[in-house]
2 protein chains.
Amino acid sequence: MSFDPTTLPDVSGLTVGILGGTGPQGRGLAYRFARAGQKVRIGSRSSERGAQAAAELAKMPGVVSGLVNGEHVTGGDNAYACGADVVIVAVPWEGHGELLSSLAEHLAGKIVVDCVNPLGFDKQGPYVLPVPEGSAAEQAAALLPDSRVCAAFHHVSAVLLIAPEVAAMDLDVLVLGDDREAVAVVQALAGRIDGMRGLHAGRLRNASQVEGMTANLIAINKRYKAHAGVRITDV
Amino acid sequence: MSFDPTTLPDVSGLTVGILGGTGPQGRGLAYRFARAGQKVRIGSRSSERGAQAAAELAKMPGVVSGLVNGEHVTGGDNAYACGADVVIVAVPWEGHGELLSSLAEHLAGKIVVDCVNPLGFDKQGPYVLPVPEGSAAEQAAALLPDSRVCAAFHHVSAVLLIAPEVAAMDLDVLVLGDDREAVAVVQALAGRIDGMRGLHAGRLRNASQVEGMTANLIAINKRYKAHAGVRITDV
(Lines give C-alpha, C1' and ligand atoms only; values in the text may rest on other atoms or scores of the structure.)
Protein backbone atom coordinates (compact mmCIF):
# COMPACT_ATOMS: atom_id res chain seq x y z
CA MET A 1 0.00 0.00 0.00
CA SER A 2 1.08 3.56 -0.51
CA PHE A 3 1.40 6.01 2.37
CA ASP A 4 -2.06 6.89 3.66
CA PRO A 5 -2.13 9.14 6.74
CA THR A 6 -5.83 8.40 7.28
CA THR A 7 -4.91 4.87 8.40
CA LEU A 8 -2.93 6.27 11.35
CA PRO A 9 -4.48 6.53 14.83
CA ASP A 10 -6.02 9.72 16.24
CA VAL A 11 -3.38 11.08 18.59
CA SER A 12 -4.87 14.53 19.13
CA GLY A 13 -5.69 13.71 22.76
CA LEU A 14 -2.23 12.43 23.68
CA THR A 15 0.14 14.34 25.92
CA VAL A 16 3.71 14.64 24.66
CA GLY A 17 6.53 14.76 27.18
CA ILE A 18 10.00 15.96 26.28
CA LEU A 19 13.15 14.96 28.16
CA GLY A 20 15.61 17.76 27.62
CA GLY A 21 12.78 20.09 26.72
CA THR A 22 14.84 23.17 27.44
CA GLY A 23 17.47 22.36 24.79
CA PRO A 24 17.11 23.68 21.22
CA GLN A 25 15.66 20.48 19.71
CA GLY A 26 13.37 19.74 22.64
CA ARG A 27 12.10 23.29 22.90
CA GLY A 28 11.48 23.42 19.17
CA LEU A 29 9.53 20.15 19.12
CA ALA A 30 7.56 21.26 22.18
CA TYR A 31 6.60 24.48 20.40
CA ARG A 32 5.43 22.69 17.26
CA PHE A 33 3.41 20.12 19.21
CA ALA A 34 1.83 22.81 21.36
CA ARG A 35 1.00 24.79 18.24
CA ALA A 36 -0.61 21.66 16.80
CA GLY A 37 -2.84 21.52 19.86
CA GLN A 38 -1.13 18.68 21.78
CA LYS A 39 -0.75 18.93 25.53
CA VAL A 40 2.98 19.14 26.22
CA ARG A 41 5.06 18.44 29.32
CA ILE A 42 8.51 20.00 29.24
CA GLY A 43 11.12 18.11 31.23
CA SER A 44 14.47 19.41 32.40
CA ARG A 45 17.14 18.47 34.91
CA SER A 46 15.98 21.52 36.83
CA SER A 47 12.30 21.61 37.66
CA GLU A 48 12.39 25.42 37.69
CA ARG A 49 13.95 25.65 34.24
CA GLY A 50 11.37 23.19 32.91
CA ALA A 51 8.52 25.27 34.29
CA GLN A 52 10.07 28.48 32.98
CA ALA A 53 10.52 27.08 29.47
CA ALA A 54 6.88 25.97 29.49
CA ALA A 55 5.70 29.41 30.55
CA GLU A 56 7.73 30.98 27.74
CA LEU A 57 6.45 28.53 25.11
CA ALA A 58 2.84 29.02 26.20
CA LYS A 59 3.12 32.69 25.21
CA MET A 60 4.54 32.03 21.74
CA PRO A 61 2.47 32.74 18.61
CA GLY A 62 0.05 30.02 17.63
CA VAL A 63 0.06 28.11 20.90
CA VAL A 64 -3.50 27.50 22.04
CA SER A 65 -3.66 29.08 25.48
CA GLY A 66 -5.02 27.50 28.65
CA LEU A 67 -7.29 24.48 28.49
CA VAL A 68 -10.48 24.53 30.58
CA ASN A 69 -9.00 22.57 33.43
CA GLY A 70 -5.33 23.28 33.16
CA GLU A 71 -2.44 24.62 31.19
CA HIS A 72 -1.62 23.50 27.67
CA VAL A 73 2.15 23.54 28.10
CA THR A 74 3.51 22.71 31.51
CA GLY A 75 6.99 21.97 32.76
CA GLY A 76 8.95 20.35 35.52
CA ASP A 77 11.79 17.93 35.94
CA ASN A 78 12.39 15.03 33.58
CA ALA A 79 10.38 12.65 35.76
CA TYR A 80 7.43 15.04 35.35
CA ALA A 81 7.74 14.80 31.56
CA CYS A 82 7.57 11.00 31.90
CA GLY A 83 3.95 11.40 33.00
CA ALA A 84 2.99 12.02 29.36
CA ASP A 85 1.60 9.37 26.99
CA VAL A 86 4.51 9.65 24.57
CA VAL A 87 7.95 10.75 25.78
CA ILE A 88 10.53 12.20 23.40
CA VAL A 89 14.20 11.91 24.37
CA ALA A 90 15.91 15.12 23.22
CA VAL A 91 18.93 15.25 25.51
CA PRO A 92 22.58 15.53 24.47
CA TRP A 93 24.26 12.21 23.68
CA GLU A 94 26.52 12.69 26.70
CA GLY A 95 24.46 11.51 29.64
CA HIS A 96 21.82 9.84 27.43
CA GLY A 97 22.29 6.39 28.94
CA GLU A 98 22.61 7.63 32.50
CA LEU A 99 19.42 9.69 32.30
CA LEU A 100 17.37 6.90 30.75
CA SER A 101 18.58 4.37 33.33
CA SER A 102 17.49 6.69 36.11
CA LEU A 103 14.02 7.13 34.55
CA ALA A 104 13.38 3.49 33.59
CA GLU A 105 10.58 3.00 36.12
CA HIS A 106 8.88 6.26 35.14
CA LEU A 107 9.01 5.26 31.48
CA ALA A 108 7.65 1.72 31.90
CA GLY A 109 4.74 1.13 29.54
CA LYS A 110 5.29 4.41 27.70
CA ILE A 111 6.06 5.02 24.07
CA VAL A 112 9.57 6.48 24.14
CA VAL A 113 10.83 8.31 21.04
CA ASP A 114 14.56 8.74 20.84
CA CYS A 115 15.77 11.58 18.60
CA VAL A 116 19.35 11.71 19.85
CA ASN A 117 22.24 11.80 17.36
CA PRO A 118 25.54 10.44 18.69
CA LEU A 119 27.90 12.83 16.90
CA GLY A 120 31.32 14.21 17.55
CA PHE A 121 32.81 17.39 16.14
CA ASP A 122 36.37 18.31 15.28
CA LYS A 123 37.95 20.86 12.99
CA GLN A 124 36.79 18.81 9.97
CA GLY A 125 33.18 19.02 11.13
CA PRO A 126 30.73 16.41 12.42
CA TYR A 127 31.28 12.67 12.49
CA VAL A 128 29.46 9.64 13.86
CA LEU A 129 30.42 8.33 17.28
CA PRO A 130 30.49 4.56 17.80
CA VAL A 131 27.74 3.24 20.11
CA PRO A 132 28.21 -0.21 21.66
CA GLU A 133 24.47 -0.97 21.32
CA GLY A 134 24.50 0.12 17.66
CA SER A 135 22.62 3.40 18.03
CA ALA A 136 21.21 5.77 20.62
CA ALA A 137 17.79 4.24 20.03
CA GLU A 138 19.05 0.70 20.60
CA GLN A 139 20.79 1.87 23.74
CA ALA A 140 17.46 3.28 24.91
CA ALA A 141 15.72 0.00 24.11
CA ALA A 142 18.34 -1.93 26.07
CA LEU A 143 18.00 0.35 29.09
CA LEU A 144 14.20 0.53 28.94
CA PRO A 145 13.02 -3.06 28.50
CA ASP A 146 9.51 -2.18 29.73
CA SER A 147 9.06 0.77 27.35
CA ARG A 148 8.04 0.82 23.70
CA VAL A 149 11.07 2.47 22.14
CA CYS A 150 10.97 4.09 18.70
CA ALA A 151 13.30 6.57 17.05
CA ALA A 152 12.26 9.67 15.09
CA PHE A 153 12.70 13.44 14.65
CA HIS A 154 16.47 13.21 14.06
CA HIS A 155 16.66 15.53 11.08
CA VAL A 156 14.42 18.35 12.20
CA SER A 157 16.08 21.75 12.26
CA ALA A 158 15.79 23.29 15.73
CA VAL A 159 16.11 26.73 14.13
CA LEU A 160 13.08 26.20 11.90
CA LEU A 161 11.05 24.47 14.61
CA ILE A 162 11.21 27.43 16.96
CA ALA A 163 10.65 30.12 14.31
CA PRO A 164 7.02 31.26 14.55
CA GLU A 165 7.08 32.59 10.99
CA VAL A 166 7.84 29.11 9.57
CA ALA A 167 4.32 27.92 8.83
CA ALA A 168 5.21 24.37 7.81
CA MET A 169 8.20 22.05 8.24
CA ASP A 170 9.15 20.85 4.76
CA LEU A 171 10.41 17.36 5.60
CA ASP A 172 9.56 13.76 6.33
CA VAL A 173 10.21 12.20 9.71
CA LEU A 174 11.73 8.74 9.49
CA VAL A 175 10.25 6.59 12.24
CA LEU A 176 12.16 3.46 13.26
CA GLY A 177 10.74 0.76 15.43
CA ASP A 178 9.75 -2.87 15.81
CA ASP A 179 6.43 -2.21 17.62
CA ARG A 180 4.08 -1.43 14.74
CA GLU A 181 1.40 0.10 16.96
CA ALA A 182 3.85 2.43 18.69
CA VAL A 183 5.39 3.33 15.33
CA ALA A 184 1.96 4.30 14.00
CA VAL A 185 1.39 6.58 17.00
CA VAL A 186 4.71 8.31 16.39
CA GLN A 187 3.96 8.63 12.68
CA ALA A 188 0.63 10.21 13.53
CA LEU A 189 2.29 12.62 15.96
CA ALA A 190 4.74 13.71 13.28
CA GLY A 191 1.78 14.27 11.00
CA ARG A 192 0.25 16.67 13.53
CA ILE A 193 2.98 19.17 12.70
CA ASP A 194 2.21 21.13 9.54
CA GLY A 195 4.31 19.99 6.60
CA MET A 196 5.63 16.83 8.21
CA ARG A 197 4.89 13.25 7.27
CA GLY A 198 5.89 10.38 9.52
CA LEU A 199 7.11 7.41 7.48
CA HIS A 200 7.98 3.99 8.86
CA ALA A 201 11.58 3.62 7.76
CA GLY A 202 12.48 0.24 9.18
CA ARG A 203 13.29 -1.55 12.39
CA LEU A 204 15.22 -0.17 15.30
CA ARG A 205 18.34 -2.00 14.13
CA ASN A 206 18.33 0.41 11.18
CA ALA A 207 18.33 3.52 13.40
CA SER A 208 22.09 4.06 13.43
CA GLN A 209 22.39 5.41 9.92
CA VAL A 210 19.37 7.67 10.38
CA GLU A 211 21.00 9.17 13.46
CA GLY A 212 24.30 9.42 11.61
CA MET A 213 22.74 11.13 8.59
CA THR A 214 22.42 14.20 10.80
CA ALA A 215 26.18 14.65 10.33
CA ASN A 216 25.61 14.85 6.57
CA LEU A 217 22.80 17.34 7.00
CA ILE A 218 25.04 19.50 9.19
CA ALA A 219 27.71 19.35 6.46
CA ILE A 220 25.07 20.34 3.90
CA ASN A 221 23.85 23.18 6.13
CA LYS A 222 27.37 24.54 6.37
CA ARG A 223 28.10 24.16 2.68
CA TYR A 224 24.84 25.60 1.38
CA LYS A 225 23.82 27.91 4.23
CA ALA A 226 20.63 25.94 4.72
CA HIS A 227 18.50 24.24 7.36
CA ALA A 228 18.35 20.98 5.47
CA GLY A 229 15.66 18.36 5.88
CA VAL A 230 14.92 15.10 4.12
CA ARG A 231 11.95 14.30 1.89
CA ILE A 232 11.37 10.78 0.64
CA THR A 233 10.29 10.78 -3.00
CA ASP A 234 7.85 8.39 -4.70
CA VAL A 235 5.99 7.90 -1.39
CA MET B 1 26.30 30.17 -0.56
CA SER B 2 23.22 28.33 -1.68
CA PHE B 3 23.39 25.48 -4.17
CA ASP B 4 24.22 26.87 -7.60
CA PRO B 5 24.71 24.26 -10.34
CA THR B 6 26.22 26.88 -12.66
CA THR B 7 29.35 26.93 -10.49
CA LEU B 8 30.03 23.26 -11.26
CA PRO B 9 32.45 22.25 -14.03
CA ASP B 10 31.39 21.30 -17.56
CA VAL B 11 31.59 17.52 -17.61
CA SER B 12 29.73 16.94 -20.87
CA GLY B 13 32.90 15.73 -22.57
CA LEU B 14 33.89 13.21 -19.91
CA THR B 15 33.63 9.47 -20.42
CA VAL B 16 31.97 7.53 -17.61
CA GLY B 17 33.14 4.00 -16.91
CA ILE B 18 31.07 1.58 -14.85
CA LEU B 19 32.55 -1.37 -12.98
CA GLY B 20 29.79 -3.93 -12.70
CA GLY B 21 27.98 -2.27 -15.56
CA THR B 22 25.91 -5.37 -16.28
CA GLY B 23 24.25 -5.38 -12.83
CA PRO B 24 20.94 -3.55 -12.24
CA GLN B 25 22.45 -0.40 -10.70
CA GLY B 26 25.35 -0.19 -13.14
CA ARG B 27 23.20 -0.79 -16.18
CA GLY B 28 20.66 1.78 -14.98
CA LEU B 29 23.29 4.46 -14.39
CA ALA B 30 24.90 3.67 -17.75
CA TYR B 31 21.57 4.15 -19.49
CA ARG B 32 20.91 7.50 -17.83
CA PHE B 33 24.39 8.80 -18.57
CA ALA B 34 24.20 7.64 -22.16
CA ARG B 35 20.80 9.29 -22.47
CA ALA B 36 22.32 12.49 -21.09
CA GLY B 37 24.89 12.38 -23.90
CA GLN B 38 27.92 11.13 -21.95
CA LYS B 39 30.22 8.59 -23.50
CA VAL B 40 29.94 5.41 -21.42
CA ARG B 41 32.20 2.39 -21.00
CA ILE B 42 30.45 -0.64 -19.53
CA GLY B 43 32.72 -2.94 -17.57
CA SER B 44 32.02 -6.52 -16.56
CA ARG B 45 33.97 -9.51 -15.33
CA SER B 46 33.28 -10.97 -18.75
CA SER B 47 34.38 -8.87 -21.68
CA GLU B 48 31.67 -10.43 -23.83
CA ARG B 49 28.89 -9.63 -21.38
CA GLY B 50 30.17 -6.06 -21.09
CA ALA B 51 30.11 -5.63 -24.84
CA GLN B 52 26.68 -7.21 -25.08
CA ALA B 53 25.20 -4.96 -22.39
CA ALA B 54 26.62 -1.95 -24.22
CA ALA B 55 25.08 -3.04 -27.50
CA GLU B 56 21.71 -3.44 -25.79
CA LEU B 57 21.89 -0.08 -24.05
CA ALA B 58 22.88 1.69 -27.26
CA LYS B 59 19.54 0.67 -28.77
CA MET B 60 17.42 1.92 -25.87
CA PRO B 61 15.12 4.94 -26.27
CA GLY B 62 16.80 8.31 -25.90
CA VAL B 63 20.39 7.14 -26.26
CA VAL B 64 22.17 9.25 -28.83
CA SER B 65 23.40 6.77 -31.38
CA GLY B 66 26.91 6.51 -32.82
CA LEU B 67 29.34 9.41 -32.54
CA VAL B 68 31.23 10.45 -35.63
CA ASN B 69 34.32 8.46 -34.82
CA GLY B 70 33.05 5.77 -32.56
CA GLU B 71 30.28 4.32 -30.50
CA HIS B 72 28.54 6.18 -27.71
CA VAL B 73 28.18 3.21 -25.38
CA THR B 74 30.87 0.57 -25.50
CA GLY B 75 31.67 -2.36 -23.29
CA GLY B 76 34.38 -4.74 -22.26
CA ASP B 77 35.94 -6.07 -19.11
CA ASN B 78 36.31 -4.02 -15.95
CA ALA B 79 39.82 -2.92 -16.92
CA TYR B 80 38.32 -1.51 -20.12
CA ALA B 81 35.88 0.58 -18.07
CA CYS B 82 38.85 1.98 -16.12
CA GLY B 83 39.90 3.76 -19.30
CA ALA B 84 37.16 6.33 -18.69
CA ASP B 85 37.68 9.71 -17.00
CA VAL B 86 35.36 8.94 -14.12
CA VAL B 87 34.82 5.35 -12.98
CA ILE B 88 31.73 4.32 -11.01
CA VAL B 89 31.99 1.24 -8.80
CA ALA B 90 28.63 -0.55 -8.98
CA VAL B 91 29.60 -4.09 -8.03
CA PRO B 92 28.09 -6.22 -5.25
CA TRP B 93 29.66 -5.67 -1.83
CA GLU B 94 30.97 -9.22 -1.91
CA GLY B 95 34.15 -9.00 -3.95
CA HIS B 96 34.29 -5.18 -3.77
CA GLY B 97 37.69 -5.07 -2.13
CA GLU B 98 39.18 -7.84 -4.23
CA LEU B 99 38.10 -6.24 -7.50
CA LEU B 100 39.39 -2.79 -6.58
CA SER B 101 42.74 -4.19 -5.44
CA SER B 102 43.14 -5.92 -8.76
CA LEU B 103 42.35 -2.70 -10.67
CA ALA B 104 44.41 -0.28 -8.57
CA GLU B 105 46.93 0.44 -11.32
CA HIS B 106 44.23 0.97 -13.92
CA LEU B 107 42.44 3.38 -11.61
CA ALA B 108 45.48 5.47 -10.66
CA GLY B 109 44.78 9.17 -11.23
CA LYS B 110 41.10 8.59 -11.95
CA ILE B 111 38.06 9.90 -10.16
CA VAL B 112 36.48 6.79 -8.67
CA VAL B 113 32.86 6.99 -7.49
CA ASP B 114 31.81 4.26 -5.11
CA CYS B 115 28.05 3.59 -4.95
CA VAL B 116 28.22 0.26 -3.15
CA ASN B 117 25.99 -0.39 -0.12
CA PRO B 118 27.33 -3.01 2.30
CA LEU B 119 24.01 -4.60 3.32
CA GLY B 120 22.91 -7.97 4.54
CA PHE B 121 19.42 -9.44 4.34
CA ASP B 122 17.58 -11.84 6.62
CA LYS B 123 13.93 -12.62 7.22
CA GLN B 124 13.53 -9.24 8.98
CA GLY B 125 14.78 -7.42 5.90
CA PRO B 126 17.92 -5.42 5.17
CA TYR B 127 20.56 -4.38 7.67
CA VAL B 128 23.96 -2.70 7.59
CA LEU B 129 27.07 -4.87 7.47
CA PRO B 130 30.10 -3.76 9.46
CA VAL B 131 33.06 -2.63 7.34
CA PRO B 132 36.51 -2.54 8.97
CA GLU B 133 37.44 0.62 7.05
CA GLY B 134 34.16 2.32 8.07
CA SER B 135 32.37 2.19 4.72
CA ALA B 136 32.68 0.77 1.24
CA ALA B 137 33.94 4.16 0.07
CA GLU B 138 36.65 4.29 2.73
CA GLN B 139 37.66 0.76 1.82
CA ALA B 140 37.99 1.93 -1.78
CA ALA B 141 40.08 4.91 -0.69
CA ALA B 142 42.36 2.64 1.33
CA LEU B 143 42.83 0.25 -1.59
CA LEU B 144 43.24 2.99 -4.21
CA PRO B 145 45.71 5.48 -2.72
CA ASP B 146 46.47 6.92 -6.16
CA SER B 147 42.83 7.49 -7.12
CA ARG B 148 40.50 10.32 -6.21
CA VAL B 149 37.76 8.42 -4.41
CA CYS B 150 34.28 9.88 -3.88
CA ALA B 151 30.99 8.21 -3.00
CA ALA B 152 27.62 8.89 -4.63
CA PHE B 153 24.54 7.38 -6.33
CA HIS B 154 23.69 5.11 -3.38
CA HIS B 155 19.96 5.80 -3.25
CA VAL B 156 19.09 5.67 -6.92
CA SER B 157 16.42 3.12 -7.81
CA ALA B 158 17.71 0.73 -10.47
CA VAL B 159 14.12 0.11 -11.54
CA LEU B 160 13.49 3.78 -12.27
CA LEU B 161 16.91 4.33 -13.85
CA ILE B 162 16.37 1.71 -16.54
CA ALA B 163 12.73 2.60 -17.28
CA PRO B 164 12.68 4.64 -20.52
CA GLU B 165 9.29 6.15 -19.66
CA VAL B 166 10.69 7.77 -16.49
CA ALA B 167 11.64 11.18 -17.84
CA ALA B 168 13.33 12.50 -14.71
CA MET B 169 14.78 11.00 -11.53
CA ASP B 170 13.12 12.82 -8.63
CA LEU B 171 15.97 12.77 -6.12
CA ASP B 172 19.18 14.34 -4.92
CA VAL B 173 22.50 12.52 -5.10
CA LEU B 174 24.57 12.89 -1.94
CA VAL B 175 28.22 13.18 -2.93
CA LEU B 176 30.83 12.42 -0.29
CA GLY B 177 34.48 13.22 -0.63
CA ASP B 178 37.49 15.11 0.64
CA ASP B 179 38.80 16.18 -2.80
CA ARG B 180 36.68 19.23 -3.56
CA GLU B 181 37.53 19.28 -7.25
CA ALA B 182 36.63 15.62 -7.72
CA VAL B 183 33.44 16.11 -5.69
CA ALA B 184 32.42 18.97 -7.99
CA VAL B 185 32.93 16.77 -11.05
CA VAL B 186 30.72 14.06 -9.54
CA GLN B 187 28.10 16.64 -8.57
CA ALA B 188 28.11 17.92 -12.13
CA LEU B 189 27.76 14.40 -13.50
CA ALA B 190 24.73 13.78 -11.27
CA GLY B 191 23.29 17.00 -12.57
CA ARG B 192 23.55 15.70 -16.15
CA ILE B 193 20.73 13.26 -15.40
CA ASP B 194 17.32 14.90 -15.64
CA GLY B 195 15.77 15.55 -12.23
CA MET B 196 18.93 14.88 -10.22
CA ARG B 197 20.97 17.34 -8.21
CA GLY B 198 24.39 16.43 -6.88
CA LEU B 199 24.92 17.88 -3.40
CA HIS B 200 28.17 17.78 -1.45
CA ALA B 201 27.07 15.97 1.72
CA GLY B 202 30.30 15.79 3.65
CA ARG B 203 33.64 14.06 3.82
CA LEU B 204 34.32 10.44 3.01
CA ARG B 205 34.32 9.62 6.73
CA ASN B 206 30.59 10.39 6.63
CA ALA B 207 29.86 7.90 3.82
CA SER B 208 28.88 4.98 6.04
CA GLN B 209 25.47 6.29 7.05
CA VAL B 210 24.67 7.31 3.47
CA GLU B 211 25.44 3.77 2.32
CA GLY B 212 23.45 2.38 5.24
CA MET B 213 20.44 4.59 4.55
CA THR B 214 19.79 2.36 1.56
CA ALA B 215 18.53 -0.24 4.06
CA ASN B 216 15.92 2.27 5.24
CA LEU B 217 14.90 3.07 1.69
CA ILE B 218 14.47 -0.64 0.97
CA ALA B 219 12.28 -0.90 4.09
CA ILE B 220 10.27 2.09 2.87
CA ASN B 221 9.96 0.58 -0.60
CA LYS B 222 8.56 -2.60 0.88
CA ARG B 223 6.19 -0.83 3.26
CA TYR B 224 4.84 1.72 0.79
CA LYS B 225 5.26 -0.10 -2.52
CA ALA B 226 7.55 2.65 -3.75
CA HIS B 227 10.89 3.30 -5.41
CA ALA B 228 11.99 5.76 -2.78
CA GLY B 229 14.59 8.45 -3.25
CA VAL B 230 15.85 11.27 -1.07
CA ARG B 231 15.41 15.00 -1.61
CA ILE B 232 17.17 17.51 0.59
CA THR B 233 14.87 20.39 1.50
CA ASP B 234 15.84 24.06 2.01
CA VAL B 235 18.75 23.65 -0.45
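Located above this text is the structure these notes cover.
Below you will find a few notes about this structure. (Residues numbered from 1 in each chain as written. Chains lettered and ligands numbered in written order. Predicted model: local features only at pLDDT ≥ 70, side-chain atom pairs only at ≥ 80, totals over all residues. Heavy atoms only, no water.)

Things to note about the overall build of chain A
Rules: Strands are runs of DSSP state E lasting at least 2 residues, helices are runs of H or I lasting at least 4, and numbering of each runs from the N terminus. Every radius of gyration here is taken over C-alpha atoms, with the globule rule written as 2.2 Å times N^0.38, N being the number of residues. Think of it in three bands: residues with accessible area under 20% of the maximum for their type are buried, residues over 50% are exposed, and the middle band is partly exposed, with areas taken using a 1.4 Å probe on protein chains only. Note on contacts: a residue pair qualifies if any of its non-hydrogen atoms lie within 4.5 Å across the two residues.
Assigned secondary structure in chain A consists of eight helices and 11 strands. By the compact-globule yardstick of 18 Å for 235 residues, chain A fits well, its C-alpha radius of gyration being 16 Å. The principal-axis extent of the C-alpha atoms belonging to chain A is close to 50 × 40 × 35 Å. Split into buried and exposed, the 235 residues of chain A put 57% on the buried side. The contacts in chain A between residues at least 6 apart in sequence include a share of 76% that link residues at least 24 apart.

Section: the sheet that holds strand S3 (residues 73-77) of chain A
All names here are of chain A. What counts here: When DSSP finds at least two bridges between two strands, those strands are taken to pair. Structural elements are reduced to axes, namely lines fitted to C-alpha atoms, with helices fitted over the stretch in contact, and the angle between N-to-C directions of any two is expressed from 0 to 180 degrees.
One open sheet holds the six strands; their spatial order is S3-S2-S1-S4-S5-S8, and the pairing between them is parallel. The open sheet has two edge strands, S3 and strand S8 (148-151), and neither has a second partner. The mean inter-strand angle of the sheet, taken between neighbouring strand axes irrespective of direction, is 25 degrees. Pairing of strand S1 (residues 15-19) with strand S4 (residues 86-89), which is carried by four bridges, proceeds in the parallel orientation. Within the sheet, the bridge partner assigned to Leu 19 lies in S4 and is Val 89. The strands touched by helix H4 (residues 96-107) within the sheet are S1, S4 and strand S5 (111-114), with S1 carrying the most contacts at an inclination of about 145 degrees.

Concerning helix H2 (residues 47-58) of chain A
Residues and elements named next belong to chain A. Short version of the rule: A helix is expected to span 1.5 Å for every residue after the first. Throughout, the arc means the angular range of directions from the helix axis out to the C-beta atoms.
Taking 1.5 Å per residue as the helical rise, H2 with its 12 residues ought to reach 16 Å, and the 17 Å between its terminal C-alpha atoms agrees with that figure. Listing the buried residues of H2 in full gives Gly 50, Ala 53, Ala 54 and Leu 57. Along the axis of H2, the buried residues cluster in a sector spanning 100 degrees; they form a single face. Of the surrounding elements, those touching the buried residues of H2 are helix H1 (24-35), strand S2 (39-44), S3 and helix H6 (158-162).

Some words on the pattern of salt bridges
Residues and elements named next belong to chain A. Counted only if it meets this: Whenever a carboxyl oxygen of Asp or Glu lies within 4 Å of a side-chain nitrogen of Lys or Arg, that contact is scored as a salt bridge.
In total, this model carries 14 salt bridges over all chains according to the counting rule given. Put simply, Asp 172 and Arg 197 hold a salt bridge, and the shortest N to O gap is 2.8 Å. Highlighted residues: Asp 172 in strand S9 (residues 172-175) and Arg 197 in strand S10 (residues 197-200), separated in sequence by 25 residues. Comparing Asp 172 with Arg 197 shows no difference in burial state: the two are buried.

Quick word on the packing of helix H4 (residues 96-107) of chain B against helix H5 (residues 136-143) of chain B
All names here are of chain B. Note the cut-off: Angle categories: roughly parallel below 35 degrees, roughly antiparallel above 145, roughly perpendicular from 65 to 115, and oblique for all the rest. It is the rotation of the near helix from the far one that decides the hand of a crossing: anticlockwise by less than a right angle makes it left-handed, clockwise makes it right-handed. Side-chain classes follow a simple rule in which Ala, Val, Leu, Ile, Met, Phe, Trp, Tyr, Cys and Pro form the nonpolar group, Asp, Glu, Lys and Arg form the charged group, and the remainder, Gly included, forms the polar group.
The geometry of H4 relative to H5 is characterised by a closest axis approach of 9 Å and an angle of 30 degrees between their N-to-C directions. Relative to H5, the element H4 lies roughly parallel. As for the relative orientation of H4 and H5, their crossing is right-handed in sense. For the pair formed by H4 and H5, the contact residues are His 96, Gly 97, Leu 100, Ser 101 and Ala 104 on the first element and Ala 136, Gln 139, Ala 140 and Leu 143 on the second. Here the residues of the contact of H4 with H5 are counted per class, giving five nonpolar, four polar and no charged.

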